[in-house]
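Next come the chains, spelled out residue by residue.
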Amino acid sequence: MLKVQSVRGTYDLYGVAKRKLKKVVAVGSATVEKYGFEEIETPIFEFTEVFARNLGDTSDIVTKEMYCFEDKGGESLTLRPEGTAGVVRAFVSNGMQQNLPIKFYYSGPMFRYERPQKGRQRQFTQFGVELLGVETPQADIEIISMAYEFLEKLGLSGQVTVEINSLGDEESRDAYRQKLVAYLREHYEELSEDSKNRLDKNPLRILDSKEDCDKAVVENAPLYADSLNESSRKFFADVLRGLDNLGIKYRVNNRLVRGLDYYSHTVFELTTDKLGAQGTVLAGGRYNGLVAQMGGGDVAGIGWACGVERLSMLLDEDIAPVRPIAVIPLGEEAEDKALEIAYNLRRAGFSVEQSYSGNMKKRLIKANKVNAVKAIIIGSEELANNSVMLKDLDSGEQKNVAIDDLIKELQ
Ligand code: ATP
Ligand code: MG
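Sequence order sets the numbering: in each chain, residues are counted from 1 along the sequence as written. Following the order in which they are written, the chains are lettered starting with A and the ligands numbered starting with 1. Totals for whole chains, interfaces and linings use every residue, but because this is a predicted model, local features are given only for residues with pLDDT of at least 70 and side-chain atom pairs only at 80 or more, for both listing and counting. As a rule here, side-chain values cover all heavy atoms of the structure and leave hydrogens and water aside.

A few points about the site of ligand 1
- What makes a residue near a molecule or strand is one non-hydrogen atom of that residue sitting within 4 Å of it. Around ligand 1, the surrounding shell holds 16 residues, and the nearest of these are Arg112, Glu114, Gln121, Lys210 and Arg258.
- At a separation of 3.3 Å, an oxygen atom of ligand 1 approaches a polar backbone atom of Gly307.
- A total of 580 Å² of accessible area belongs to ligand 1 in isolation, and the protein chains cover 90% of it.
- Those elements that provide at least two residues to the shell around ligand 1 are β6 (123-132), β10 (280-286) and β11 (301-307).
- Strands are runs of DSSP state E lasting at least two residues, helices are runs of H or I lasting at least four, and both sets are numbered from the N terminus onward. Top contributing element to the shell around ligand 1 by residue count: β10, with three residues. Polar contacts, as used here, are pairs of N or O atoms within 3.5 Å; protein pairs need one atom able to donate a hydrogen and one able to accept it. Residues neighboring in sequence count only if both atoms are side-chain atoms. For the area figures, the Shrake-Rupley method with a 1.4 Å probe applies, and any residue is considered shielded solely by the protein chains shown.

Right, dumping it as structure tokens:
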């Protein structure tokens, strides 16, 4: 028998849930467009190597979570697990290096094979931004303030904390990695199996581990800040000063490293304590080496992505659809008139609900069900003198209005 259900970790979106999701994306788009970001849409699947660029990549996404498949031509393809790699791939394959800086935003479905739970799905929506070609801290400040404004516009800025850290440049990263590995080796037996495996390949990821045994070891690990070289230190100080200047509150979190392996300098997350374990609603950072990894030359990048479902779960109120006007014809001859009035009102910009059948009482009940503001009632008497009965469904008041005056009256 056909299994009539959606795949585990995937959902049908409609009603309130879809309205909230749409609102998050609409507010996000309106916000970032003011900063000069333009929408880009890249394919939902790419060649696998767009996401898994090198064998040393031990991020969860690449090692465990990707939906990879071979197509009929034998190509290894992957459903995109995140947005940045696809945007950077598009940047390189379309030769956009001549027009820097480039500012893009995107929204759409991402796919990760993860254990589904609250705020964690196998298909979910991300809204994100990427700024390519700016090396200075102004970009970091602008990108973070843009994220903050976005959440403010959603009415959520009071519920989130901005956490920030610096991974420094390559030299600082190498210095820190050495110190960290030396420390972790002393505590090898206490680490989780995953972390033991990561120790050689990507030790920084251990800082990000959610396992209690790892957390206990990480507690006393060397601090990243102590390994930053002079220029990385200055870069970070400039970013923080910029945020202070804008009045954006943040918390420096020395343990913040982020899951993907291509970050450098600034990394940040906007977190809430309202969603349990899945508290990160937006995350991002600088990825100065990524464009080069894809063969696009030395182009700096910075961006963030948010979990649209996680954000929409924080919006407590339903977003009511526009209140329509109900058109209620009584009797067969009035039906044609009703269609004509509905058509003309819609063309004039009004939202109109046509009630398809039933007597006056039934149709009024339906009008209330769609939360109509007004009802336009067309009986035989009204029909005869080219007018309608306009009823205010909140106050119950009603009056006779000539059809020619209807639009003016409703405005
Ligand atoms: P987490 O630590 O929760 O696994 P992540 O580091 O894997 O997050 P990113 O790759 O940075 O997440 O993605 C950015 C945002 O996308 C996250 O902060 C989160 O809000 C959202 N997100 C990530 N994975 C999922 C998922 N499986 N379901 C729903 N939202 C997700
Ligand atoms: Mg994850």
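A short note on the packing of aromatic side chains
- Pairing of aromatic side chains requires ring centres within 6.5 Å, counting the rings of Phe and Tyr and the six-membered ring of Trp. Pairs whose planes differ by under 30 degrees are stacked, by over 60 edge-to-face, and all others tilted. Taken as a whole and assessed by the stated rule, the structure comprises seven aromatic pairs.
- Between Phe127 and Trp304 the ring centres are 6.1 Å apart and the planes differ by 45 degrees, which places this aromatic pair in the tilted class. With Phe127 in strand β6 and Trp304 in strand β11, the pair connects residues that are 177 residues apart, well separated along the chain. Across the pair, exposure class does not vary: Phe127 and Trp304 are buried alike.
- Within the aromatic cluster, the residues linked to one another by ring pairs are Tyr105, Phe127, Phe150 and Trp304.
- Stacked on the ring of Tyr113, the Lys or Arg Arg122 has its end atom at 4.0 Å from the ring centre. Between buried and exposed lies partly exposed: a residue is buried under 20% and exposed over 50% of the maximum accessible area for its type, with that area taken using a 1.4 Å probe on protein chains only. Comment: the charge-over-ring label is applied if NZ (Lys) or CZ (Arg) is within 6 Å of the ring centre and within 35 degrees of the ring normal.

Topic: the domain arrangement of the protein chain
- You can read the domains of the protein chain as domain 1 (15-169 + 229-312) and domain 2 (325-410).
- What fixes the domain bounds is an automatic or database domain assignment. For domain 1 versus domain 2, the separation of C-alpha centres amounts to 49 Å.

Comments concerning a positive patch on the surface
- Each patch groups residues whose relative accessible area exceeds 30% and which form no salt bridge, using 9 Å between like charges and 5 Å between nonpolar side chains of Val, Leu, Ile, Met, Phe, Trp and Tyr. Salt bridge, as used here, is a side-chain nitrogen of Lys or Arg placed within 4 Å of a carboxyl oxygen of Asp or Glu. In this tally, Lys and Arg are treated as positive and Asp and Glu as negative; His is ignored, and so are the chain termini. In plain terms, the charge of a residue is placed at NZ if it is Lys, CZ if Arg, CG if Asp and CD if Glu. A cluster of like positive charges, contributed by Lys361, Lys362, Lys366 and Lys369, occupies part of the molecular surface.
- Here Lys361 is to be found in helix α13 (residues 360-369).

Quick word on the environment of Tyr263
- Within the element layout of this structure, Tyr263 appears in the loop between β8 (251-252) and β9 (264-271).
- By relative accessible area, Tyr263 is classed as buried at 6%.
- Linking Tyr263 and Asn288, residues 25 residues apart in sequence, is a C-alpha distance of 7.1 Å.
- Whether two residues are in contact is decided by their heavy atoms, any of which lying within 4.5 Å being enough. Ignoring anything within four residues of it in the chain, the contact list for Tyr263 reads Leu167, Arg173, Arg258, Gly284, Gly285, Arg286 and Tyr287.

Quick notes on the packing of helix α1 (residues 15-33) against helix α5 (residues 137-153)
- What counts as an axis is a line fitted to C-alpha atoms, over the stretch in contact for a helix, and the angles between N-to-C directions run from 0 to 180 degrees. Close contact between α1 and α5 brings their axes to 9 Å; oriented N to C, the two are set at 135 degrees. On the basis of the axis angle, α1 is oblique to α5. In the crossing of α1 with α5, the sense of the turn from one axis to the other is right-handed. Between α1 and α5, the contacting residues are Val24, Val27, Gly28, Thr31 and Val32 on the first element and Met146, Glu149, Phe150 and Lys153 on the second.
- When residues are sorted by character, Ala, Val, Leu, Ile, Met, Phe, Trp, Tyr, Cys and Pro go into the nonpolar class, Asp, Glu, Lys and Arg into the charged class, and all the rest, Gly among them, into the polar class. By residue class, the composition of the contact of α1 with α5 is five nonpolar, two polar and two charged. Angle categories are assigned with fixed cut-offs, so that under 35 degrees is roughly parallel, over 145 is roughly antiparallel, 65 to 115 is roughly perpendicular, and the rest are oblique. In a left-handed crossing the near helix is turned counterclockwise from the far helix by less than a right angle, and in a right-handed crossing that turn is clockwise.

Observations regarding the pattern of salt bridges
- Within the structure shown, the criterion is met by 19 salt bridges.
- One salt bridge connects Asp238 with Lys234, and the closest N-O pair in it is separated by 2.9 Å. On the criterion of helical spacing, the pair formed by Asp238 and Lys234 is a turn pair, its members being four residues apart in helix α9 (residues 230-246).
- By relative accessible area, Lys234 is classed as exposed at 51%.
- The closest approach of N and O atoms between Asp394 and Arg323, which form a salt bridge, is 3.0 Å. Here Asp394, found in the loop between β15 (387-392) and β16 (398-402), pairs with Arg323, found in the loop between α11 (308-314) and β12 (325-329); they are 71 residues apart in sequence, far enough to count as distant.

Details of the sheet that holds β9
- Pairing between strands is defined by DSSP: at least two bridges between the two strands are required. Spatial strand order, β1-β5-β6-β11-β10-β9-β7-β8: eight strands in an open sheet with mixed pairing. Of all strands in the sheet, those bounded by a partner on one side alone are β1 (38-39) and β8.
- By the bridge criterion, six bridges tie strand β7 (residues 161-166) to β9 in an arrangement that is antiparallel. Across the sheet, residue Ile164 finds its bridge partner in β9, namely Phe268.
- Taken strand by strand, α1 contacts β5 (102-111), β6 and β11, and its axis lies near 5 degrees from that of β6.
- Those strands touched by α5 are β6, β7, β9, β10 and β11, and its axis lies near 15 degrees from that of β11.

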